[in-house]
Amino acid sequence: MFFFEVILVLWIMFKVVSVIVWNNSPFLRKVSLSSVFTRHKRRFPRSKWEEEKTDDGTKWTFLEHKGPVFAPPYEPLPSNVKFYYDGKELKLSEDAEEVAGFYARMLEHDYTTKSVFNTNFLTDWRKVMTPEEAKLIKDLSKCNFKEMHAYFQSVSEKNRNRSKEEKAALKAKNEEIQKEYGFCTIDGHKEKIGNFRIEPPGLFRGRGEHPKMGKLKRRVMPEDVLINCSKDSKIPKPPSGHKWREVRHDNTVTWLASWTENVQQQAKYVMLNPSSKLKGEKDWQKYETARKLHKCIDKIRENYRADWKAKEMQVRQRAVALYFIDRLALRAGNEKDDEQADTVGCCSLRVEHIQLHKEKDGKEYVVVFDFLGKDSIRYYNEVPVEKRVFKNLEIFIENKKDSDDLFDRLNTQTLNEHLKDLMPGLTAKVFRTYNASITLQKQLDELTDGDASVPEKILAYNRANRAVAILCNHQRAVPKGHSKSMEALKEKIQAKRDQIDEAEEDLQQASKAAKRGSVKEKLACDKKKKALERLKDQLKKLELQETDRDENKTIALGTSKLNYLDPRISVAWCKKHGVPIEKIYNKTQRDKFRWAIDMAGPDYVF
DNA sequence: AGCATCACTTAGGAGGCGGTTC
DNA sequence: GAACCGCCTCCTAAGTGATGCT
């Protein structure tokens, strides 16, 4: 019976903590009493039924907007810009010309060297041709797009060289559109919309070896578009002569408009900007879930380590997968069909993606991961693991082909179901958020010297950020001309050093003169001292810049900053160390994280 | 149960812009 | 005052995970 008392006490404690956490929500402060009450009711359902009834996933009660902005209509080429087939000039029909233009623009891109891209393009292009055109044009290598390509280049050149007035006029026009279509009214607040422009037609640019690359993404018409808004709002007007596919009033979703894209048959949505309350609240919740994981992570780790010895193979696989997700911040790895690029995450790893080494480079039980993850970004990592993990992996790959699933008894659904039992709201992706944020916090503690200058502190911050980006495998292409710009920087540094040497000699002379000399000479000496100090400061700055830039060349910091790092950690660090928040977050980021900037004091801990 | 669908978050690249440097 | 360069914004693809449907 003691057992039940413990459970009861724990339950009450949990409830009390929930109320405290809930009432600390930055989003609650300006909310009316009635909605607090609604929320309160939602947190304390009297029954399962009432929970379902009240926590019905309502996202808004009023939503009004002007609908999306459509891509401008096609402008035919000037008649002097010609297309040739098999050496002969050919005037294309408008539709065929437009699609040819999509290809012509990409002539210098890598895509046009890929046969999948070219085949898909030709197939789809021929579908929009007139029967005569389609009869003639059967071989892409006989197509000459060069004049079209040159024309587009000249147009963008002209655009770049627009006069000040033209640029200003264009900017004003864009702001006008932004003002009219870029905002909506949701529950009494004016909020920015994220993507209010409908995607223009073009050629599908899948990432990696995508089987659909080069296919035609056709023009979206109002007749394709679903509008979502309040019944009692001003319903957006479709462009004249057109009508919407449907107008609905679904307040259980957050999108304002949607359509289905024709290449992959995927829904696309017009949604709110990250600065909106709706998105901010969701973001805050995400970090609160991750903090909850922090509180029980030790238990969960214990739990999966124990499961490495489980009798059931499914449980063992689950435990090893979870270990990878936790320790290496791997993604869950949903199944994919073969209409997409072949990429994997943890649960979809295949035997061919790992190598087992009993010993490698002096380390025992090393697992080498080598696979393409999201966006076909390569994940390569040599990881020494516990012996038990290693032995399990040996069992998992026994009698399997390279192309077989490593975790054949496991998928993301079963994994997430298990996680839900360990902690409410826990899914595989929470581990990524958790490990990213906790890593930032630990690294900041470790790397920040309280006495250092602000630029040095910022370097420390970037290094902590970088540690997270490496953990999450956030990569980018090496910027064009990186090595060149590094050399230039090195030269600059050398020049600065020479300058300093010179200035030092100068100063020595001046100080000699000052010792015996006049007031004037003393002043001159002081001046030189200051000049030297300035030079040294500049050198330090340059050297910091050098380290920062080189360490960063293949690592993208933005993704983790935007999606994985609890902003309150960064805000607290800034406040604690006197670093202006603008040094860490730009305008967009400050808008997105306003809730955290307002909320976190210097003592916030994740 | 097993899938398809839906909604929403996470992701890197392109291209423009604005600051810096010569 | 032009060239250069890095950063920022926009864009949209590619994930995750819940829910709906058969």
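Quantities reported herein were computed from a predicted structural model and do not represent experimental measurements.

Here is what the cut-offs are and how they apply
Residues numbered from 1 in each chain as written. Chains lettered and ligands numbered in written order. Predicted model: local features only at pLDDT ≥ 70, side-chain atom pairs only at ≥ 80, totals over all residues. Heavy atoms only, no water. Helix = DSSP H or I, 4+ residues; strand = E, 2+ residues; numbered from the N terminus. Buried < 20%, exposed > 50% of the residue type's maximum accessible area, 1.4 Å probe, protein only. Contact = heavy atoms within 4.5 Å. Areas by Shrake-Rupley, 256 points an atom, 1.4 Å probe, with all protein chains shown as cover. Phe/Tyr/Trp six-rings, centres within 6.5 Å; stacked < 30°, edge-to-face > 60°. Lys NZ or Arg CZ within 6 Å of the ring centre and 35° of its normal. Near = heavy atom within 4 Å. Polar contact = N/O pair within 3.5 Å; in protein donor to acceptor, adjacent residues only side chain to side chain. Nonpolar A, V, L, I, M, F, W, Y, C, P; charged D, E, K, R; others polar. Pairing = 2+ DSSP bridges. Axes fitted to C-alpha atoms, helices over the stretch in contact; angles between N-to-C directions. Core = buried A, V, L, I, M, F, W, Y, C linked by side-chain atoms within 4.5 Å. Domains from an automatic or database assignment. Patch = residues over 30% accessible without salt bridge, like charges linked within 9 Å, V, L, I, M, F, W, Y side chains within 5 Å. Salt bridge = Lys/Arg side-chain N within 4 Å of Asp/Glu carboxyl O. Lys, Arg positive; Asp, Glu negative; His and termini not counted. Charge placed at Lys NZ, Arg CZ, Asp CG, Glu CD. pLDDT = per-residue confidence, 0-100.

### A word on the overall build of chain A
- A count of helical and extended segments in chain A gives 20 helices and 15 strands.
- The burial tally for chain A puts 40% of its 606 residues in the buried class.
- Considering only contacts within chain A whose residues lie at least 6 apart along the sequence, 68% involve residues at least 24 apart.
- Carbon and sulfur atoms form 51% of the exposed surface of chain A, whose accessible area is close to 35800 Å².

### A few points about the packing of aromatic side chains
- A full pass over the atoms with the stated rule returns 24 aromatic pairs.
- Taking the centre distance of 5.7 Å and the plane angle of 55° together, the rings of Tyr151 and Phe152 count as tilted.
- Between Trp255 and Tyr269, the aromatic rings sit 5.7 Å apart at their centres with planes inclined by 50°, giving tilted as the arrangement. With a gap of 14 residues between them, Trp255 in the loop between strand 10 (246-248) and strand 11 (257-261) and Tyr269 in strand 12 (residues 266-270) connect regions that are remote in the sequence.
- In this structure an aromatic cluster arises from ring pairing among Tyr304, Trp308, Tyr323, Phe324, Phe369, Phe371, Tyr379, Phe396 and Phe407.
- Here Arg105 stacks its cationic end above the ring of Phe152, 3.9 Å away from the centre of that ring.
- It is Lys190 that lies over the ring of Phe183; its NZ or CZ is 4.7 Å from the centre.

### Quick word on the protein's contact with DNA strand C
- For DNA strand C, the set of nearby residues contains 28 residues, the closest of which are Arg207, Lys268, Lys336, Lys429 and Thr588.
- Of all DNA strand C atoms lying within 4 Å of any protein atom, the proportion belonging to sugar or phosphate reaches 87%.
- In the environment of DNA strand C, a phosphate oxygen lies 2.6 Å from a nitrogen or oxygen atom belonging to the backbone of Arg207.
- Note that a phosphate oxygen of DNA strand C is positioned 2.9 Å from one of the backbone N or O atoms of Asn334.
- In the surface near DNA strand C, the residues fall into four nonpolar, twelve polar and twelve charged.

### Brief notes about the sheet that holds strand 15 (residues 378-384)
- Pairing within the open sheet is antiparallel, and its three strands lie in the order 13-14-15. For this open sheet the edge positions go to strand 13 (354-360) and strand 15, each flanked by a neighbour on one side alone. Taking the axes of each pair of neighbouring strands and ignoring which way they run, one obtains an average angle of 15° across the sheet.
- Looking at chain direction, strand 13 and strand 14 (residues 363-372) are connected through six bridges and run antiparallel. Bridge assignment links Glu359 to a residue of strand 14, and that residue is Glu364.
- Across the sheet, helix 10 (residues 313-328) touches strand 14 and strand 15, and the angle it forms with strand 15 is around 100°.
- Sheet strands in contact with helix 11 (residues 387-397) are strand 13 and strand 14, and its direction is about 135° off that of strand 13.

### Section: the pairing of strand 12
- By the bridge criterion, five bridges tie strand 11 to strand 12 in an arrangement that is antiparallel. For Trp259, the partnering residue across the bridge sits in strand 12 and is Lys268.
- Hairpin connection of strand 11 to strand 12: four residues between the antiparallel strands, including Gln265 at a positive phi of 55°.

### Quick look at the nonpolar core
- Membership of the largest hydrophobic core comes to 72 residues, with the highest contact counts inside it found for Leu293, Phe324, Leu330, Phe369, Leu393, Phe407 and Phe431.
- Here this core spans two domains, since at least three of its residues come from each of domain 3 (278-425) and domain 4 (427-477 + 554-606).
- The contact partners of Leu330, leaving out residues within four places of it in the chain, are Phe324, Ile325, Cys346, Leu349, Phe369, Phe371, Tyr379 and Arg432.
- Formed by 29 residues, the second largest nonpolar core is a distinct cluster that contains Tyr74, Tyr85, Phe117 and Phe152.

### Remarks on the side chain of Thr112
- Here Thr112 lies in the loop between helix 4 (94-105) and helix 5 (115-128).
- At 2.9 Å, the side chain of Thr112 forms a polar contact with the backbone oxygen of His109.
- Each residue touching Thr112, except ones within four places of it in the same chain, is listed here: Tyr103, Met106, Leu107, Phe117 and Asn118.

### Let's talk about a positive patch on the surface
- Among the surface-exposed residues, Lys59, Lys279, Lys282 and Lys429 lie close enough to one another that they form a single positively charged patch.
- With respect to the helices and strands, Lys429 occurs in helix 13 (residues 428-447).

### Comments concerning the protein's contact with DNA strand B
- The environment of DNA strand B is made up of 26 residues, and the closest members are Lys279, Lys286, Lys374, Arg432 and Tyr564.
- Between DNA strand B and the protein, one listed contact pairs a phosphate oxygen with a side-chain N or O atom of Thr254 at 2.9 Å.
- Note that a base oxygen of DNA strand B is positioned 2.6 Å from one of the side-chain N or O atoms of Lys374.
- At the level of secondary structure, the elements contributing two or more residues to the surface near DNA strand B comprise helix 9 (277-307), helix 13 and helix 17 (558-563).
- Among the elements that take part in the surface near DNA strand B, helix 9 stands out by supplying three residues, more than any other.
- Classifying every residue of the surface near DNA strand B gives seven nonpolar, seven polar and twelve charged.

### A closer look at the sheet that holds strand 11
- Ordered by their spatial adjacency, four strands build an open sheet running 10-9-11-12, and the pairing between neighbours is mixed. With one partner strand each, in any of the chains shown, strand 10 and strand 12 form the two edges of the open sheet. Taken pair by pair, the neighbouring strands of this sheet meet at an average axis angle of 25°, ignoring direction.
- Of the pairings in the sheet, the one linking strand 9 (residues 226-228) to strand 10 comprises three bridges and is parallel in character. When the sheet's bridge partners are listed, Asn228 is paired in strand 10 with Arg248.

### What to know about a negative patch on the surface
- Together, Asp498, Asp501, Glu502 and Glu505 make up a region of like negative charge exposed at the surface.
- Within the fold, Asp498 resides in helix 15 (residues 482-516).
- Judged by its relative accessible area of 41%, Asp498 is partly exposed.

### Some words on the confidence of the model for chain A
- Scored by pLDDT, chain A has a mean of 87; 90% of the residues are at 70 or more.
- Note that residues 6-23 has pLDDT below 50 and, in this model, ten contacts with residues that lie over four places away or in other chains.
- Contacts from residues 29-54, a stretch scored under 50 in pLDDT, to residues over four places away or in other chains number 18 contacts.

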